[in-house]
Amino acid sequence: MNKKKSLAENAKFVSILASLISILVGLLLGFILLLILKPSDALGGMQAMLGTGFSSLDKFGKVMYQAAPLMLCGLSVGFAFKTGLFNIGASGQYTMGAFFALIGAIVLQLPWWACLLLSLLGGAIWGVFPGLFKALFNVNEVITSIMFNWIAMFLVNLLIANIPVMLASAWGASNSDRTAALASANPGAIIPKGGLDAVFGNSSWVNISVFITIVVAVIMWFVLEKTTFGYELKACGLNKDASAYAGINAKRNIVTSMIIAGALSGLGGGTYYLAGTIQYVLEKSILGMGFNGIPVALLASSNPIGTIFSALFISYIQVGGAAMQPSFSSESTNIIISVIIYLAAFALLIRGSIQKLLSRKKAKEAES
Amino acid sequence: MIILANIISLTIVFAVPLMLVALGGMYSEHSGVINIALEGIMVIGALCACFVLNAFDKSGMGKVHPQLAMLIAILVAGVSGMAFSVLLAFAAINLKADQTIGGTALNIFAPSFAVVLTWAIQGQGQTTIQIPSWIRITQETFGLEKGGNTFFNALIFKYFYLTTPIAVILFIAAWMLLYKTRFGLRLRACGEHPQAADSVGINVYKMRYAGVLISGFLGGIGGIAYTIAVGSGFASSVGGYGFLALAVMIFGNWKPVPILGSAVFFALFKVIAAYNSSIPFLPKLDNIKDKSSLYQMLPYIVTMIVLIFTSKKSKAPKAEGIPYDKGSR
């Protein structure tokens, strides 16, 4: 009994180690790139990226603020991973969630919590499509998700442009390329700060969304680890045929899993745009937040509790990345993120082979 | 009539990158590797080609031999796209990593790298690389006199770049290579049933490398073709055309000739989105604002509807996305 436990712990240890290694390699490669581009500023750039988040309470408040949507997108991608699906559509679901939340806030004049519930709904609706296409027509969810990312962006642009009351120009501002500022349209829709602004030195960023998100993460952990439903979802992810043989309805599970994943990303969109600091600008390209959910989930090996920490880390280096300007573009952070994803693609493999090794050992022990 | 000529020539110039990149995706998928990274490959190709074009512009060679300079830039785009695609091939083939995750990493890397590099080279905030104006093929290129704004002049010369004839050649070459050579047959076998291919002595790993590298080459050229079509310089992005090319490939059912047709179809929507107010026979839809979003959204929706009807008899390579493991034969 004792031995088995140590093996399981070993696997967890290995995956955390793999994540830490990929972060280190990512940072190192990023540093080398900066060195090649501008040797004199490289060290300062890295210091800005790694030091800014803790440099002031205001910056740390921003880290917390951005961590909430990142965490939710990470939970979304991770939840789909557990069911064997790659939810590259977090971006579209996030966009839809943001749109539903803003409709609730500006057009329907609802309070903030009702807007957050609407964002859940918006994301869930956008998650239905990849799930249904996979379950009914056996279309790869990656393809459907990519197409629906673009459909979401164009559709939201089209709808916002055609609902005049949504635009900032309807609320006393001059610009019509973005949604109204919540402070003038509906202050009640802004997620409350819960006294955190006092703690964080009057930071305009921080609000209670990061705590809501942590609660959601714990709920997701409970669903996946402690309920029959979560067990069935994971079984589908590990082996679709075996779970079908065991009487689990795989098709229904694919659709529910995508709906839940979509709802999580949608909530992410809600938390980001209901903070009252950022307005939705009519976009020309897909929002990056959903894509950043992918490294968050990969670093945490899809574990909901791990997601809390990996989202804080990604948010931390993003806030730092913005401080690298003007010597370097803030996109430098994305290079590091992409290296982390690239390495994580193997990390999954390495973890898989370690697990295989462990199970082989177990089988041998059982034989002898 | 001039507007019709403009629409036709614009459609062609936008269909070129879509077709090239979709053909690239087709090669990769026929070898058994899903290439989500097309978007990133296009960005890298366009980035390198733009630097080359600017170097020629500065050295003065561009103005003397514009089309030779352009040809070199196109080759550079192809080779750099190919080099970048090695990263995908290595992850997907040697390390048997998840192909979509690896591709996503490259898609995030490429535009960030392009921004960081142009920022570092051109200075703070200067993230657009201008394209020199001499690259366009004009009447003078053929020693003709500059004609007036007639139908045929607008049709042929208004948006005529070297990428268009090269795309025609590459299309024919891609079709021949896939269907008329031993290599093409073997490549397709690796995407359908790699175990069977391996059992008759085909090196599946090599074939998959070839498929991904060809897609990198075509994707890179598609990147510069897109940048030229847009005409406002390279701003570290190809506007989602890599993903749109995936839709073109699916819509074209993984076959060259239907891919050509669907590239033209998708490009037409793009042009309509940009010019809908000046096209006389379109419904006016005066009550709707931001109509371009509507037209740009339509190709994606059409693709999804087509997928519903064709998924049962889809010609998608059967083994795509599954890493080939010799041991599992």
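As a reminder, the structure under discussion sits directly above these lines.
Rules behind the numbers
Residues numbered from 1 in each chain as written. Chains lettered and ligands numbered in written order. Predicted model: local features only at pLDDT ≥ 70, side-chain atom pairs only at ≥ 80, totals over all residues. Heavy atoms only, no water. Helix = DSSP H or I, 4+ residues; strand = E, 2+ residues; numbered from the N terminus. Rg over C-alpha atoms; globule rule 2.2 N^0.38 Å. Buried < 20%, exposed > 50% of the residue type's maximum accessible area, 1.4 Å probe, protein only. Contact = heavy atoms within 4.5 Å. Buried area = accessible area lost by both parts, 1.4 Å probe. Salt bridge = Lys/Arg side-chain N within 4 Å of Asp/Glu carboxyl O. Polar contact = N/O pair within 3.5 Å; in protein donor to acceptor, adjacent residues only side chain to side chain. Nonpolar A, V, L, I, M, F, W, Y, C, P; charged D, E, K, R; others polar. Phe/Tyr/Trp six-rings, centres within 6.5 Å; stacked < 30°, edge-to-face > 60°. Expected span 1.5 Å × (residues − 1). Axes fitted to C-alpha atoms, helices over the stretch in contact; angles between N-to-C directions. Parallel < 35°, antiparallel > 145°, perpendicular 65-115°, else oblique. Left-handed = near helix turned anticlockwise from the far one by under 90°. Disulfide = S-S within 2.5 Å. Patch = residues over 30% accessible without salt bridge, like charges linked within 9 Å, V, L, I, M, F, W, Y side chains within 5 Å. Areas by Shrake-Rupley, 256 points an atom, 1.4 Å probe, with all protein chains shown as cover.

Novice: Honestly, the overall build of chain A in this entry has me stumped. Any pointers?
Specialist: Helices and strands together make up the secondary structure of chain A, namely 15 helices and 0 strands. In terms of overall dimensions, chain A is globule-like: its C-alpha atoms have a radius of gyration of 21 Å, near the 21 Å expected for 368 residues. In terms of overall dimensions, chain A has C-alpha extents of about 80 × 55 × 35 Å along its principal axes. When burial is assessed residue by residue, chain A has 53% of its 368 residues classed as buried. Considering only contacts within chain A whose residues lie at least 6 apart along the sequence, 74% involve residues at least 24 apart.

Novice: Could you clarify how one ought to interpret the overall build of chain B in this entry?
Specialist: A tally of regular secondary structure across chain B gives 13 helices and 0 strands. Going residue by residue from the N terminus, the α and β elements of chain B occur as α-α-α-α-α-α-α-α-α-α-α-α-α. Oriented by its inertia axes, the alpha-carbon framework of chain B measures out at about 65 × 50 × 40 Å. Across the 329 residues that make up chain B, the buried fraction comes to 56%. A fraction of 78% describes how many contacts in chain B between residues 6 or more apart in sequence connect residues 24 or more apart.

Novice: Whenever I open this one, unusual backbone geometry confuses me. Can you help?
Specialist: A negative phi holds for most residues other than glycine; trans holds for most peptide bonds. In this structure, Q109(A) is a non-glycine residue whose phi angle is positive, near 55°. Locating Q109(A) in the fold gives a position in the loop between α4 (90-107) and α5 (112-137). Of note, S236(B) is a non-glycine position whose phi angle comes to about 60°, a positive value. Relative to the assigned elements, S236(B) resides in the loop between α10 (204-230) and α11 (241-251).

Novice: Explain the interface of chain A and chain B here, please?
Specialist: For an interface, size is often stated in terms of accessible area lost upon the parts coming together. On the chain B side, the residues contacting the 45 residues of chain A number 47 residues. For chain A, the biggest contributors to the area lost against chain B are M147(A), F154(A) and Y342(A); these three give 16% of the whole. In this assembly, chain A and chain B are joined by 0 salt bridges. Where chain A meets chain B, there are 1 residue pair in polar contact (both at pLDDT 80 or more). Counting residues per element, the side of chain A that touches chain B draws most heavily on helix α6 (residues 141-162) of chain A, which supplies 14 residues. Taken together, the residues of the side of chain A that touches chain B sort by class into 33 nonpolar, 10 polar and 2 charged.

Novice: When you look at the packing of aromatic side chains in this model, what are you seeing that I'm missing?
Specialist: In this description, an aromatic ring pair is defined by two values, namely the gap between the centres and the angle between the planes. Residues and elements named next belong to chain A. Taken as a whole and assessed by the stated rule, the structure comprises 29 aromatic pairs over all chains. Residues Y65 and Y272 carry aromatic rings whose centres are separated by 5.3 Å and whose planes lie at 15° to one another, so their mutual orientation is stacked. Separated by 207 residues along the polypeptide, Y65 in helix α3 (residues 57-82) and Y272 in helix α12 (residues 250-273) bring together distant segments of the chain. For Y65, a relative accessible area of 1% gives the class buried.

Novice: Is there a simple way to explain helix α12 (residues 256-275) of chain B in this structure?
Specialist: Each α-helix winds once per 3.6 residues, and so residues spaced three or four apart point in a common direction. Residues and elements named next belong to chain B. The end-to-end C-alpha distance of α12, which contains 20 residues, comes to 28 Å, matching closely the 28 Å that a straight helix rising 1.5 Å per residue would cover. Taken together, the buried positions of α12 are P256, I259, S262, A263, F266, A267, F269, V271, I272 and A273. Next to the buried residues of α12 lie α1 (2-31), α7 (163-179), α11 and α13 (291-310).

Novice: Help me understand the packing of α6(A) against α11(B) in this model?
Specialist: For any two helices packed against each other, one specifies the inter-axial angle together with the distance between the axes. Between α6(A) and α11(B), the least distance of the axes is 10 Å, while the angle of their chain directions is 125°. Of the possible angle classes, the one that applies to α6(A) and α11(B) is oblique. Crossing of α6(A) against α11(B): the hand is left-handed. Contacts between α6(A) and α11(B) involve I143(A), I146(A), M147(A) and W150(A) from the former and F243(B), L246(B), A247(B) and I250(B) from the latter. Taken together, the residues of the contact of α6(A) with α11(B) sort by class into 8 nonpolar, no polar and no charged.

Novice: Got a minute to help me understand α7(B) in this structure?
Specialist: Spanning 17 residues, α7(B) covers 24 Å between terminal C-alpha atoms, matching the ideal 24 Å at 1.5 Å per step. Summarising the contacts, the buried residues of α7(B) are in contact with α1, α4 (66-94), α8 (182-192), α10 and α12 of chain B.

Novice: Is there a simple way to explain the pattern of salt bridges in this structure?
Specialist: Two side chains bearing opposite charge may form a pair once their charged atoms approach each other closely. Counting across every chain of the model gives 6 salt bridges over all chains. Salt-bridge contacts for E141(A) lead to K134(A); the nearest nitrogen and oxygen are separated by 3.2 Å.

Novice: Any chance you could explain the side chain of N149(A) here in plain terms?
Specialist: Residues and elements named next belong to chain A. Tracing the backbone through its elements, the reader meets N149 in helix α6. On the basis of relative accessibility, which here comes to 3%, the residue N149 falls in the buried class. Apart from the residues within four sequence positions on either side, N149 is in contact with I88, G89, A90, S91, G92, I286 and F291.

Novice: Sorry if this is basic, but what is going on with the state of the cysteines here?
Specialist: As used in these notes, a disulfide is a covalent bond between sulfur atoms, one from each of two cysteines. Per the counting criterion, the structure on display carries 0 disulfides over all chains. Take C73(A): it sits in no disulfide, and the sulfur closest to it among the cysteines is that of C115(A), at 18 Å.

Novice: What exactly am I supposed to notice about the packing of α1(B) against α11(B) here?
Specialist: Residues and elements named next belong to chain B. The interhelical angle for the contact between α1 and α11, taken along N-to-C directions, is 65°, at an axis separation of 8 Å. Considered as vectors, α1 and α11 are oriented roughly perpendicular to each other. Helix-helix and strand crossings are classified by hand; for α1 and α11 the assignment is right-handed. Contacts between α1 and α11 involve F14, L18, V21, A22, G25, M26 and E29 from the former and Y241, L244, A245, L246, V248 and M249 from the latter. Within the contact of α1 with α11, the residues separate by chemical class into 11 nonpolar, 1 polar and 1 charged.

Novice: Where do I start with the environment of F291(A) in this structure?
Specialist: Residue placement: F291(A) occurs in helix α13 (residues 289-299). Under the relative-accessibility criterion, F291(A) is labelled buried at 15%. In this structure, the C-alpha to C-alpha distance between F291(A) and I317(A), residues 26 residues apart in sequence, is 16 Å. In this view, F291(A) contacts I88(A), S91(A), N149(A), I286(A) and I108(B); residues no more than four positions away in its chain are not counted.

Novice: I keep staring at a nonpolar patch on the surface and nothing clicks. Help me out?
Specialist: Residues F13(A), L17(A), I21(A), V25(A), L28(A), L29(A), I32(A) and I36(A) make up a contiguous nonpolar surface patch of roughly 730 Å² in combined accessible area. Here I32(A) shows up in helix α1 (residues 2-37).

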